[in-house]
Amino acid sequence: MMTNLVLLGPPGSGKGTQGERLEEALELPRLSTGDMLREAVAHGTELGRKVAPIMAAGALVPDAIVVGIIRERTGKSDCAKGFILDGFPRTIPQAEELERMLAGRGTSVTMVMNVEVADEVLVRRCVGRRLCSNKECGAIYHVEAKPPLKEGVCDLCGSPLVHRADDREEAVGERLKAYHAQTQPLEAYYAERGVLRGVDGVGTPDEVFERVEAVVKPLVVGISGA
Ligand code: AMP
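The notes below deal with the structure included here. If you're wondering where the values come from, they're calculated on a predicted model, not measured in any experiment.

Here we come to the overall build of the protein. Looking only at helices and strands, one finds nine helices and eight strands in the protein. Relative to the 2.2 N^0.38 estimate, which gives 17 Å for 226 residues, the radius of gyration of the protein is 17 Å and therefore close to what a compact globule would have. Taking the principal axes of its C-alpha atoms as reference, the protein extends roughly 50 × 40 × 35 Å. Per-residue burial for the protein yields a buried fraction of 44% across its 226 residues.

Looking now at the sheet that holds strand 5 (residues 129-132). The strand order across the open sheet built from three strands is 6-5-7, with neighbouring strands paired in antiparallel fashion. Each end of this open sheet is capped by a strand with a single partner; those strands are strand 6 (140-142) and strand 7 (161-162). With three bridges connecting them, strand 5 and strand 6 associate as antiparallel partners. Counted as the bridge partner of leucine 131 is isoleucine 140 from strand 6.

What follows covers the state of the cysteines. Under the defined criterion, the tally for this structure stands at zero disulfides. Here cysteine 126 stays free of any disulfide, with the sulfur of cysteine 132 as its closest cysteine sulfur at 18 Å.

What follows is about the sheet that holds strand 3 (residues 82-86). Sheets are built from strands paired through backbone hydrogen bonds, the pairs being either parallel or antiparallel. The parallel open sheet is built from five strands, whose spatial order is 2-3-1-4-8. The open sheet has two free edges, formed respectively by strand 2 (30-32) and strand 8 (196-200), since each of these has just one partner strand. In this sheet, adjacent strand axes meet at a mean angle of 25° when their direction is disregarded. Bridge analysis of strand 1 (residues 3-8) against strand 4 (residues 111-116) gives four bridges, and the strand direction is parallel.

A few words on the pairing of strand 1. Counting buried residues along strand 1, six of its six residues qualify, which places the element largely inside the surrounding structure. Burial along strand 1 is two-sided: the face carrying Thr3, Leu5 and Leu7 and the face carrying Asn4, Val6 and Leu8 are both buried. As judged from the five bridges shared by strand 1 and strand 3, these two strands associate in the parallel manner. If you follow valine 6 over to strand 3, its bridge partner there is leucine 85.

Right, let's get into the pattern of salt bridges. If you walk through the whole model with that rule in mind, you get 19 salt bridges. A salt bridge links arginine 164 to aspartate 166, with the nearest nitrogen and oxygen atoms 2.9 Å apart. Across this residue pair, the class does not change: arginine 164 and aspartate 166 are buried. The structure contains a network of salt bridges with shared partners spanning Lys15, Glu20, Arg30, Asp35, Arg38 and Asp86.

Below, the discussion takes up unusual backbone geometry. The omega torsion across phenylalanine 88 and proline 89 is -5°, close enough to zero to call that bond cis. Note on placement: proline 89 falls in the loop between strand 3 and helix 5 (92-104).

Once that is clear, we can look at the site of the ligand. Taken together, 16 residues form the shell around the ligand, and within it Thr33, Arg38, Ala59, Gly87 and Gln94 come nearest. The contact in question runs from a nitrogen atom of the ligand to an N or O atom on the side chain of threonine 33, over 2.8 Å. Burial of the ligand by the protein amounts to 96% of the accessible area it has alone, namely 480 Å². For the shell around the ligand, a count of residues per class yields seven nonpolar, four polar and five charged.

Mapped onto the elements of the fold, arginine 164 is located in the loop between strand 7 and helix 7 (169-183). On the basis of relative accessible area, arginine 164 is assigned to the buried category, the value being 15%. A polar contact of 2.9 Å, which involves the side chain of arginine 164, links it to the side chain of aspartate 166. Not counting the four nearest positions on each side in its chain, arginine 164 is found in contact with Arg38, Arg129, Leu131 and Arg175.

Contact pair helix 2 (residues 33-43) / helix 4 (residues 63-74): the axes reach a minimum separation of 11 Å and the direction vectors enclose 105°. Judged on the interaxial angle alone, helix 4 and helix 2 are roughly perpendicular. Note on element contacts: helix 4 touches helix 2 through Ile65, Val66, Ile69, Ile70 and Arg73, opposite Thr33, Met36 and Leu37. Grouping the amino acids of the contact of helix 2 with helix 4 by side-chain chemistry returns six nonpolar, one polar and one charged.

Rules and cut-offs
- Residues numbered from 1 in each chain as written.
- Predicted model: local features only at pLDDT ≥ 70, side-chain atom pairs only at ≥ 80, totals over all residues.
- Heavy atoms only, no water.
- Helix = DSSP H or I, 4+ residues; strand = E, 2+ residues; numbered from the N terminus.
- Rg over C-alpha atoms; globule rule 2.2 N^0.38 Å.
- Buried < 20%, exposed > 50% of the residue type's maximum accessible area, 1.4 Å probe, protein only.
- Pairing = 2+ DSSP bridges.
- Disulfide = S-S within 2.5 Å.
- Axes fitted to C-alpha atoms, helices over the stretch in contact; angles between N-to-C directions.
- Salt bridge = Lys/Arg side-chain N within 4 Å of Asp/Glu carboxyl O.
- Near = heavy atom within 4 Å.
- Polar contact = N/O pair within 3.5 Å; in protein donor to acceptor, adjacent residues only side chain to side chain.
- Areas by Shrake-Rupley, 256 points an atom, 1.4 Å probe, with all protein chains shown as cover.
- Nonpolar A, V, L, I, M, F, W, Y, C, P; charged D, E, K, R; others polar.
- Contact = heavy atoms within 4.5 Å.
- Parallel < 35°, antiparallel > 145°, perpendicular 65-115°, else oblique.

Interpretation note: all reported values are geometric properties and have no functional meaning in isolation.
Next up, the structure:
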């Protein structure tokens, strides 16, 4: 029996942070299409060169690209017990492809966690967000809410912090527009299938994770502390 979770939520909702914690608690791999695409951009691969301008503008990359990435990644052996999808699906066609793909493997989406945060809060979070440039570390900061001890430097590993190109205010506006137009319809899609659960995403990461755990616990045997 596989446990397949989907994290749904606008940019800056904290679903990446919650996804990392869930990954540890559930011992399931977190698959972030955003991370995978950024890696392709950083390595300057053919895919990376194709998607870089789309991502920098805050738009969505074509469905076929992310569906291909997820099809391949979810087929790997570390996904045998299930996985946590972070940032996929983001459109109805992606959700339909995912449903078909999983049905072909005799499984389905177990639960969709919708992390809910108002737009004004999201813009502030993204614009102040800073990420550790060391991929192995991946620590996340915020210039006001969670500043590093030394400006621009990661507390954990000493690497420089970076501001994502698409966390600039203009790009965040575009990403929110794309979210409302293309991704939010997934709420109704998954509500119809009876798997949608809402979580209030406003609060500290610890506070939000308590809510996330409460929602996930009844479904999953093996969450730490359960
Ligand atoms: P994220 O880190 O999840 O915010 O993703 C960063 C960017 O990667 C998005 O703004 C999109 O340009 C692209 N991206 C990530 N996942 C998807 C997806 N499922 N569909 C389309 N574009 C995506």
